[in-house]
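Below, each chain spelled out in residue letters.
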Amino acid sequence: MMKSNTAPVANDVVVAGKFKISDLWKKEDWLSIWIAFILIAASAVGVLTGWYDFSGAKFSTWAFSASEFTDPAKAKGFLDVFSWGLFGKLSVTFGAFGLLFALGSKCEGKKILKFIPAFAAIFLLVCVVRLLSAEFTFNRYLEYAFWALLLGLLISNTVKVPEWLKPAIRTEFYIKTGLIILGAQVLFSNIQKFGLYGLGIAWGVTPVVILFMWWLGVKVLKIQNKPLVITVAAATSVCGTSAAIAAAAAAKAKKTDLAFAVGTSLIFTVLMMVGLPFFIKAIHIDPMVGGAWIGGTVDSTGAVVLAGQALGDVGGQVAALVKMIQNILIGFVALGIAIFFTTKVDAQASADQKVGVGEIWQRFPKFILGFLAASMVFSFVLQPVYGTEATTDVIKHLKEFQNWAFALAFTSIGLETNFKELCGQVQGGKPFQLYIIGQVFNLVLTFVVVWFLLCGKFFPIPTINT
């Protein structure tokens, strides 16, 4: 899916070019790292010095009916969302993204005057997406990624996307930048909060599920689209949307592969978010065990928090901790996929092409280095020096920039995709079979590991402060 420092030749065989120092400011992978770190640095300086507030815009939760809120006094209708503060934040978000991505496009040799009006139009579409996804009911069950895909697909399949809009449809650029910002939120200190229990649940199960789904998809179901298989496997086993994006980038999956994986993951996330807490309560599973089970199997972090809280404070905290520990794997999973596809899958597809260290480096998605670097800086520099509270505050400021980058990406995917192409990914229903069987395997294996670690028969039950 992602572009790399490569050039296509006959029969779509990808041949790496030699690294040039100018690649650092001319290639998309490197530019996404610089853009992400400029946003990270600007937010961090603002928070740590207290000089200014630099963060992305966020639409307040609103509802068509005030009765949907627990406290009607705090209810907001559609018009209540809009304020001068919101418009100010939207201006900051548009200015920062517009300027940085325009300069990035200029460095790549693209025409900046064509990019700016196109980006303004896509940003407006994303504003509609973020506003719609902030509605009370939608906000609880469907992420903005769903609405971004849907809006983009509706436009691309009803009216033709105008040529002037295409310069700003930069799916890979937005995705890479968002993933690097996400890396700053993946703190290794989360491992300490649940210790070896969290590692056993999150890290012990995830690789097994990925390997099982790869074997199931390639060997049993014989799905020819291997990047689709690994993208669906990562979405199922790690954390849904974010993992699917990283895996798709590492395996060079098509945009339709990513759209299918994310769409399927979002649908089943809603079902599991509602169904798992109900099932856990119905058969009287311990809240700690149930929370860990939810954290290890429900794809979306937001859905994990909601589902876990349905079990009480202990279940909610354990679910969130397991998911946060699992999220740390995103960068490492993407790294492993990139190396595996470069040395094995792509090498087999082009048997006459020798894959050496230089070739691996050229094909390697450099944004993964940015993801890992951001995680390391926040985990081992920022948090030890400035403390957990300040680091958490910086992360909160960055969270919305990540959301905007991903929303831009998914809107772009929708604008580039037609339903015929998307339906073509189904291949007789095999990808659906892959997801469903893989998720069932994930549910069973995760529960076995969770019960073994937390039942109290083999290891002491950890203490969770609520």
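Our subject is the structure listed above.
Rules used throughout
- Residues numbered from 1 in each chain as written.
- Predicted model: local features only at pLDDT ≥ 70, side-chain atom pairs only at ≥ 80, totals over all residues.
- Heavy atoms only, no water.
- Salt bridge = Lys/Arg side-chain N within 4 Å of Asp/Glu carboxyl O.
- Helix = DSSP H or I, 4+ residues; strand = E, 2+ residues; numbered from the N terminus.
- Buried < 20%, exposed > 50% of the residue type's maximum accessible area, 1.4 Å probe, protein only.
- Core = buried A, V, L, I, M, F, W, Y, C linked by side-chain atoms within 4.5 Å.
- Contact = heavy atoms within 4.5 Å.
- Patch = residues over 30% accessible without salt bridge, like charges linked within 9 Å, V, L, I, M, F, W, Y side chains within 5 Å.
- Areas by Shrake-Rupley, 256 points an atom, 1.4 Å probe, with all protein chains shown as cover.

Undergrad: Is there a simple way to explain the pattern of salt bridges in this structure?
TA: Opposite charge on two side chains permits pairing when their charged atoms draw close. Enumeration according to the criterion identifies 9 salt bridges in this entry. Between Asp29 and Lys176 there is a salt bridge whose closest N-O contact spans 2.3 Å. Pair noted here: Asp29 is in helix 2 (residues 28-49) and Lys176 is in helix 7 (residues 171-183), with a separation of 147 residues, a long-range link. The exposure classification of Asp29 matches that of Lys176, with both residues buried. For the salt bridge of Asp53 with Lys89, the shortest nitrogen-to-oxygen distance reads 3.2 Å. With Asp53 in the loop between helix 2 and helix 3 (84-107) and Lys89 in helix 3, this pair connects stretches of sequence that are 36 residues apart. A residue is classified by how much of its surface remains accessible, and Lys89, at 21% relative accessible area, is partly exposed. Beyond isolated ion pairs, a larger network of salt bridges with shared partners links Glu28, Asp29, Glu108, Lys110, Arg170 and Lys176.

Undergrad: Would you take a moment to explain the nonpolar core for this structure?
TA: Ranked by internal contacts, the top residues of the largest apolar core, which has 118 residues, are Leu39, Phe59, Phe97, Phe378, Trp404 and Phe410. With 20 residues, the top contributor of residues to this core is helix 17 (residues 367-416). Among residues more than four places away in sequence, those in contact with Trp404 are Gly56, Ala57, Phe59, Leu90, Thr93, Phe97, Phe123, Val126, Cys127 and Arg130.

Undergrad: I would appreciate a short explanation of the environment of Trp164 in the present structure.
TA: By the secondary structure assignment, Trp164 is in the loop between helix 6 (144-158) and helix 7. Counting along the chain gives 47 residues from Trp164 to Pro117, while the straight-line C-alpha distance between them is 8.2 Å. Excluding residues within four positions of it along the chain, Trp164 makes contact with Lys114, Pro117, Ala118 and Ala121.

Undergrad: Honestly, unusual backbone geometry in this entry has me stumped. Any pointers?
TA: Working note: non-glycine residues mostly have negative phi, and peptide bonds are mostly trans. Of note, Lys252 is a non-glycine position whose phi angle comes to about 55°, a positive value. Checked against the element boundaries, Lys252 lands in the loop between helix 10 (241-251) and helix 11 (255-282). Of the residues examined, Lys252 reaches a relative accessible area of 27% and is grouped as partly exposed.

Undergrad: Where do I start with a nonpolar patch on the surface in this structure?
TA: On the surface, Phe332, Met376, Val377, Phe380, Val381, Val385 and Tyr386 cluster together into a nonpolar patch covering about 650 Å² of accessible area. In terms of residue count, helix 17 provides more of the nonpolar patch than any other element does, 6 residues in total. Within the element layout of this structure, Val381 appears in helix 17. Take Val381: its relative accessible area is 46%, and that puts it in the partly exposed class.

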